[in-house]
Each structure stands twice: as structure tokens, then as C-alpha cells.
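# A closer look at the structure
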Amino acid sequence: MAASSYARAFPSFECRSEPDFSGSLPHPKAGVRFSGKYNSGSNRSQVYGLSSLIFRFPPNFVRQLSIKARRNCSNIGVAQVVAASWSNNQAGPEFTPAASAVDSSASAAVTSIGITAGDEEVAVVENADCNDQNVQIKGSTGVKYASFLNLDGSVAIHAGERLGRGIVTDAITTPVVNTSAYFFNKTSDLIDFKEKRRASFEYGRYGNPTTVVLEEKISALEGAESTLIVASGMCASTVMLLALVPAGGHIVTTTDCYRKTRVFIETILPKMGITATVIDPADMGALELTLNQKKVDLFFTESPTNPFLRCVDIELVSKLCREKGALVCIDGTFATPLNQKALALGADLVVHSATKFLGGHNDVLAGCISGPEKLVSVIRNLHHILGGALNPNAAYLIIRGMKTLHLRVQQQNSTALRMAEILEAHPKVNHVYYPGLPSHPEYHLAKKQMTGFGGVVSFEVDGDLLTTAKFVDALRIPYIAPSFGGCESIVDQPAIMSYWDLCQSDRAKYGILDNLVRFSFGVEDFEDVKADVLQALDSI
């Protein structure tokens, strides 16, 4: 049936086996016409038996067909699939598996075509089932990803795009919509939008079609109702805190955390009367005491933390805070949504620096907040006021990066765990911090709430500041740089990279010793990385 449908659609085009650029054939305008009548007596082997078949379409064929196709559900795409199937067929009279794999509904919908070289008669493709729908899966709006995407790897690739992407296109990849504003055809359309009877965009700071795809992809991966994407990880943390903690409020955080987050909590929030209690990540007694003594609005920490990779019992923290009406927000940047599902463990919100593992290529800055719509919408409203919007080009880079997230994280998990074990056994390493090691204080907790332990390992070299710097300089594969989570390995000495403005004694208050190294393993070959690290250790 498929063969006969294709035959009706493209009847008797002239084909040749090899390109001919001699110009010896008559120009289509000179009377060469492509008949719409199918010659059933023609020798099909002449059509299908040639190698490297090339169809001679009139020069303006695609333009003519695409004009008509605007009213026929992009049938140009169907026509091109058919043409490609024919021209690539080298197996004789029967269609190849590639050709027969074309959806039978698409072939059945193509009923006739008439093509003329002139401008008066243009290609006509009839499609009874089109109804002017876009080529996205029919009726896909509202379909749950979990209905056919069961694993995180598939979700990271297809969520937000495969089902009902809000951009009208046949492209597999999501287009970058570079615009600062959106227009309305008439005032009544604008009023309908303002009164929420019409879905649309208005201004670039409030949303962008490319950015929405990224938000939906992250929501699907986190199991969240809503996600807000912003310009950086710090932007995500700060706008979340400002939106959800009232003036005069109180938060609980942990001793180990990203330094700039600590600076914001210690220096900016107090200007609004917001105070903080700082506890050890594992000290649940201190958390209970604070919840009982104070009106806590929010518990906020990383898990694992930066740079010592401490883990918080998210399930227990969420239970304790919920009983007292406090929100829980977990920064899951080190874990990624593949290694840990903070929302499923009970957290109200999860934030990420998408700059790191989500983007994965050390080429973009972004942050995100995921959770229930009622909370994310509050943060989104403040975000619209503060700015910090993500450029759609950056959103596209993260969308692209997330399609290899599961492959990258698998490699990084494996390399980091194996290297952590090697480092722990090395005589020139004093201590290793990695939640996948039994020596880690939250090892059993990490095993319970994580499926992988991440791609970052921190460790202390047996030596002083200069000895540690010598080790770092001897490494040849990793870059000496801030950040982590990308394809390329990155190494830094926190005492210099992040805390150099503090004296040694002040750094020590935060546990940052001069010999501490943070190593983010990329996706390089394990044996190369192992050899590089061991050689660098041997040099000190």
C-alpha cells in the first residue's frame, strides 16, 4: 500500500544515476513538464534499480510546494521524505526498510500531486487529516512524559520538546527566539492576554519560547510543577530567598556552603532584618531546637555541599520543617537531578546552578528554581521585577547540553568514585571528601538518597600551600579554573581561588586549609586522568 501511495504522489520523474552539471538538459521553462499521470507500464527497475538516484525538480519546486504547504500541514516535509526514500533506494524493485518505515498514515494522506515547471501551475498535495495542525504529535498537549519516557536519560533529551513544544516548527532542535518583545494583532487580543483568556508572551524579561522549553525540560527531570530559569545560579538563590523570606524573617542554613551564598546571607539579608541560624549539615538536634525556639521561614542548604560534599537528610529535614510551617529549599547542583530527586524526598524547592552539570560544557551561565507552581510563581513575579532574565541563546545551549546529561553524569560518577578510592589510598593525600566513600560522614545517607555521588572530589594534599600549588600546576588534563561539572576537568585550590582575600586563620574558620584541592572530573578517559593525577602527586 505504501508503494502505491508513493507512486501516485510522485508519478514519473526523470532520474539519473550520477550528477550531471553540464547543463545539457533543457531548462524547465523551455517546455519540460512533469506529468501528474502515473505510467503503470513503466519499468520500475529503471526507477528503483539505479544507484545514487537524483530527482530533477524544477528550480522553483520547493518554493512552490512550500507555499501551498502552508495550508496543508507542512506536506513539504512528507514530500521530502518520499523523495529521499526514493533517491536513497538501491535494493531493486521493493522499497527499502527505511522507506517503508515512513508512517503509513503520512503516506496514506498523500493522494495526488501535479507539478509544472511554470509559475501558473504549482504543486498540489492533498491531505485529508491535516486540519491545519502543526506537525507536532497530534493531541499531545498535556501528555505526561512518564507515559512513555520512563528513564531520566530519555526525559533529559525529549522533555519540553517532543510533546507540544510551543514553537511552530518541524525542526528537531529547538529554535532560538531572539526577540525583546511580542506583538498583538489588535487591542482586544492584548486585553484577552491581560485577562488570561489568551496564552501569549509579552516582553522578553517575562518569558521566551526557547526559555520555556528549557524550563519544561528541567521540570520533567525534577518531577516539578514549574521551573523558573534565570541568569545564574546565584541569581536563582538570591531571588528565591528575597521572594520567600519576609522582612524580619529567619532562615536556617549549614556551615559548609558556597562562599557567595554565605556572603549574601551574612551581609545582604540582615539589611532587611532577616537573621540566620547556621548548623552542621548532620546536626538534626540543632535544627529541631531552632524550629522550636524561632519562627523559621526557610531551611536552605546544598546537598552535597561545597566544597566538602556534606549531605543533608532531605527527608528528615523536610518532615521537621513541615511540622513547623517552614519551607525547605535544597541546592542540588553537585548532585544533579539524575543523582538525587530533592522534591521526591520532600523538599519544597530545588535550585541548581545550570552553569555546571546541566549545561555541562563550560560555556554558559544560568540558574533554575523548581517546585510547586504556587511557590515558583511568587519567585517568578519578583524575578520579573529584578530582571536577571536568561538570554534565549544561553537557554538553547543548556537545552543542547542536557541531551547528553545522563551520559556525562554516568562517566563523571564513575571516574570520580574510582579516583576518590585511589586518592584515599595514596600516601601523599591526607584526606578525601566524597560521599561515595565509606569514610565519608554521610556515606550511608548518601547511599539512601542518591543514585550516584557526583563528579567532584575534594581532598587534602600532604603539604603546605606551595606544595599543593605545585601539585595543581603539575596536572596537565584539568584546567585551573573556578566552576565544575563540565566536559573538561577542572581543578582549583580553594584557599587561593575562592578565599585568597582572607588570611589563613580566617580561612581555617570555614575549614578551608591551604592544602585543600577541589577536583571536578570531566568526561575524559579514566586511564588518562588517573595517570595524570598520579604523576602530579609523584612530582611533589
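In what follows, the structure referred to is the one given above.
In this report, we go over the structure that sits alongside the text.

Reading guide: rules and limits
- Residues numbered from 1 in each chain as written.
- Predicted model: local features only at pLDDT ≥ 70, side-chain atom pairs only at ≥ 80, totals over all residues.
- Heavy atoms only, no water.
- Phe/Tyr/Trp six-rings, centres within 6.5 Å; stacked < 30°, edge-to-face > 60°.
- Buried < 20%, exposed > 50% of the residue type's maximum accessible area, 1.4 Å probe, protein only.
- Helix = DSSP H or I, 4+ residues; strand = E, 2+ residues; numbered from the N terminus.
- Lys NZ or Arg CZ within 6 Å of the ring centre and 35° of its normal.
- Core = buried A, V, L, I, M, F, W, Y, C linked by side-chain atoms within 4.5 Å.
- Contact = heavy atoms within 4.5 Å.
- Polar contact = N/O pair within 3.5 Å; in protein donor to acceptor, adjacent residues only side chain to side chain.
- Arc of directions from axis to C-beta.

### Some thoughts on the packing of aromatic side chains
- Under the definition given, this model contains 10 aromatic pairs.
- Relative to Y206, the ring of Y203 has its centre 5.7 Å away and its plane inclined at 65°; by these criteria the two rings are edge-to-face.
- The class for Y203 is partly exposed, based on a relative accessible area of 37%.
- Between F308 and Y433 the ring centres are 4.9 Å apart and the planes differ by 65°, which places this aromatic pair in the edge-to-face class. Of this pair, F308 sits in the loop between β6 (298-302) and α13 (314-323) while Y433 sits in strand β10 (residues 429-433); the two residues are 125 residues apart in sequence, bridging distant segments of the chain. Across the pair, exposure class does not vary: F308 and Y433 are buried alike.
- Taken together, the aromatic side chains of F334, F357 and F484 make up a single cluster linked through ring pairs.
- The ring of F484 carries K356 above its face, with NZ or CZ at 5.4 Å from the centroid.
- For R418, the ring lying beneath its charged end belongs to F526, and the centroid distance is 3.6 Å.

### Details of the nonpolar core
- Counting residues in hydrophobic clusters, the biggest one holds 57 residues, and the most contacted among them are F459 and F471.
- Take this core: its biggest share by element is 6 residues, from helix α17 (residues 405-425).
- Residue contacts for F471: discarding those within four places in its chain leaves F459, V461, V517, V533, A536, L537 and I540.

### Describing the side chain of S520
- Summarising the element assignment, S520 is placed in strand β14 (residues 516-520).
- With relative accessibility at 1%, the residue S520 sits in the buried group.
- Among the polar contacts listed, one links the side chain of S520 to the backbone nitrogen of G485, at a separation of 2.9 Å.
- Setting aside chain neighbours within four positions, we find S520 in contact with G455, V456, F484, G485, S489 and I490.

### Focus on α13
- Of all the positions in α13, only I314, V317, S318, L320 and C321 are classed as buried. The arc that holds the buried residues of α13, viewed along the axis, is 170°, so those residues lie on one side.
- Buried residues along α13 sit against α12 (284-293), β6, β7 (327-331) and α18 (443-449).
- The positive-phi residue at the C-terminal boundary of α13 is G325, with phi of around 75°.

These values are about where atoms sit, not about what they do.
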